[in-house]
Amino acid sequence: MLTLLFTVLAVFAGTYAWADEKLDRTVNLGALPDRPPPDRGTTYLIAGSDNRQNLTPHQRKALHTGNDDEGPYGNSDSMMLLHIGAQGDTLVSLPRDSYVTIPAFTDPNGVRHPATTNKLNSAFSLGGGRLLAETVEYNTGVHIDHYAEIGFGGFVDLVNALGGVTVCLDRPIVDEASGADLKAGCRKLDGGQSLELVRERHQEAGQDLSRMANQQKFLAAVAHQAQAPSTLLNPFRLYPALDAGIATLNVDKGMTPYELARMFLGLKGISGGKGHELTVPIADANDYTPNAGDAVLWNMAQAKTLFGELQNDQPVTIGDNDADSDLRDG
């Protein structure tokens, strides 16, 4: 029994050290200027990146991703705040078209840009995870403790390494732009089909808002599959999944495997009904702006209440805006 115990501990310690070494820590949150003070609890900023640099032309065509990246960092299709605290966990989607203030920044060519108002995903396109985190902190007042970003190729590889992810659809999904062609009901999707599903928005009444609801639920389903005994107790599935996930993640300098595990456990708990999942309160989902076309305006009174509750680790009292979603719990 002692031999078995020491063997298990040695394997765990070795796996932890291996995972810690492989993490790609690219974002230095500690270097952000004028940061909000640390909040109670832990808040993660999770971004899904449209960066196509690691995809071959054949993969781009097969996955219906298109060929052009906007800006040096690509795009971010999804941005979420996950707050883990004593009052329960909360997952808040931030629409990519949110019209916000982007703080002054210096681009990769050394050119200094003044502060401006634009869509939230412009912050990622222009300055990557660092500027996105700074923009989110500036507009929410919430202190970002950790940052995690996953791209197209990583998403596909991770789902395939997990052996697929089971989702349940209330209705068929057909979208030429994303390539989705899925029947209603519960089924296991591979990486390519999963990517098609979470990128689909043209069939949705709420378009980007509805897509975010699907992304929330699907991300939770991925976390659930990663924690399943069929994954954890099968080294031939566990280690490829860990390798696929970690190899394609960009995280902050302070991220550890332990914090990543907390993040996924939080997502799994929310998918099981232990917590809240909502979209930041919205006043107008199609407000015309002079420099960015139609954009999403937040309901600032309700948003301020929500972000204040997250800052102080208080129970969330702001409800969802009832964006439609085709995904249901499986």
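Engineer: Help me understand the overall build of the protein chain in this model?
Structural biologist: Counting secondary structure elements, the protein chain contains 10 helices and 18 strands. Considering the protein chain as a whole, with its 330 residues, one finds that 49% of them fall into the buried category. For the protein chain, the proportion of contacts with a sequence separation of at least 24, taken over those separated by at least 6, is 71%. Only carbon and sulfur atoms are counted for the fraction: they give 54% of the accessible area of the protein chain, which is about 15300 Å².

Engineer: Whenever I open this one, the state of the cysteines confuses me. Can you help?
Structural biologist: Simply put, the disulfide is a covalent bond whose two ends are the sulfur atoms of two cysteines. Scanning the entire structure with this criterion turns up one disulfide. Each disulfide pairs two cysteine sulfurs, and for Cys 168 the partner residue is Cys 186, the sulfurs being separated by 1.9 Å. Given an S-S torsion of about 105°, the disulfide between Cys 168 and Cys 186 has right-handed geometry. On the criterion of sequence distance, the pair formed by Cys 168 in strand 10 (residues 165-169) and Cys 186 in strand 13 (residues 185-189) is long-range, its members being 18 residues apart. In this structure Cys 168 comes out as buried when scored by relative accessible area, which is 2%.

Engineer: Please explain the nonpolar core as it appears in this structure.
Structural biologist: Most often, soluble globular proteins keep nonpolar side chains buried together rather than apart. Ranked by internal contacts, the top residues of the largest apolar core, which has 41 residues, are Leu 82, Leu 197 and Phe 218. Apart from the residues lying within four places of it in its own chain, the contact partners of Leu 82 are Thr 42, Thr 43, Tyr 44, Ile 46, Thr 90, Leu 91, Met 263, Leu 267 and Ile 270. Membership of the second largest hydrophobic core comes to 29 residues, among which are Leu 29, Leu 278, Trp 298 and Ala 303.

Engineer: It is not clear to me how the side chain of Thr 15 should be interpreted in this structure. Could you clarify?
Structural biologist: Here Thr 15 lies in helix 1 (residues 2-22). Among all residues touching Thr 15, those that are not within four sequence positions of it are Tyr 239 and Leu 242.

What counts and what doesn't
Residues numbered from 1 in each chain as written. Predicted model: local features only at pLDDT ≥ 70, side-chain atom pairs only at ≥ 80, totals over all residues. Heavy atoms only, no water. Helix = DSSP H or I, 4+ residues; strand = E, 2+ residues; numbered from the N terminus. Buried < 20%, exposed > 50% of the residue type's maximum accessible area, 1.4 Å probe, protein only. Contact = heavy atoms within 4.5 Å. Areas by Shrake-Rupley, 256 points an atom, 1.4 Å probe, with all protein chains shown as cover. Disulfide = S-S within 2.5 Å. Core = buried A, V, L, I, M, F, W, Y, C linked by side-chain atoms within 4.5 Å.

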